[in-house]
Amino acid sequence: MDKFSHLEAYVAVVESGSFSKASERLGLAKSVLSRRVTQLEEHLGTRLLHRTTRSLRVTDAGTEFYRRSVQLLH
């Protein structure tokens, strides 16, 4: 797993508020972003995002992980 590409995908989804917007921002397919975020969640053993067909919400663990990810990427 390329951790930085997974972190970049997660940060883009959180900042964009959707997989579609993050997909446009990074120039990647939504399915690729979704797979990367799912793999990241599996690797960490925790849920970062609550996803439904109509909404996306960051969990408490996801909020903390987002803050740390931004620091790592900068």
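Residues numbered from 1 in each chain as written. Predicted model: local features only at pLDDT ≥ 70, side-chain atom pairs only at ≥ 80, totals over all residues. Heavy atoms only, no water.

**Some words on helix α3 (residues 30-44)**
Each full turn of the α-helix corresponds to 3.6 residues, which orients residues three or four apart in the same direction. For α3, which comprises 15 residues, the first-to-last C-alpha distance of 21 Å matches the rise-based estimate of 21 Å (1.5 Å per residue) to within 8%. Every buried residue belonging to α3 is among L33, V37, L40 and E41, and all of these are buried. For α3, the buried positions fall inside an angular range of 100° around the axis, keeping them on one side. In this structure, the buried side of α3 is in contact with α1 (3-16), α2 (19-26), β1 (49-51) and α4 (60-73). Count one or two residues on from α3 and you reach G45, which has phi positive near 75°. (Helix = DSSP H or I, 4+ residues; strand = E, 2+ residues; numbered from the N terminus. Expected span 1.5 Å × (residues − 1). Buried < 20%, exposed > 50% of the residue type's maximum accessible area, 1.4 Å probe, protein only. Arc of directions from axis to C-beta. Contact = heavy atoms within 4.5 Å.)

**Regarding the packing of α1 against α4**
Between α1 and α4, whose axes approach to 10 Å, the crossing angle comes to 120°. In terms of orientation, α1 lies oblique with respect to α4. Handedness of the crossing formed by α1 with α4: left-handed. Residue-level contacts link F4, L7, E8, Y10, V11, V14 and E15 of α1 to G62, T63, F65, Y66, S69, V70, L72 and L73 of α4. Considered class by class, the residues forming the contact of α1 with α4 number 10 nonpolar, 3 polar and 2 charged. (Axes fitted to C-alpha atoms, helices over the stretch in contact; angles between N-to-C directions. Parallel < 35°, antiparallel > 145°, perpendicular 65-115°, else oblique. Left-handed = near helix turned anticlockwise from the far one by under 90°. Nonpolar A, V, L, I, M, F, W, Y, C, P; charged D, E, K, R; others polar.)

**Notes on the nonpolar core**
Counting 13 residues, the largest nonpolar core has Y10 and L49 as the members making the most contacts within it. Residue assignment for this core shows that the elements contributing at least two residues are α1, α2 and α3. At 5 residues, α1 tops the list of elements feeding residues into this core. Contacts of L49, omitting those with residues within four sequence positions, involve Y10, V13, V14, F19, V37, E41, L56, R57, V58 and T59. (Core = buried A, V, L, I, M, F, W, Y, C linked by side-chain atoms within 4.5 Å.)

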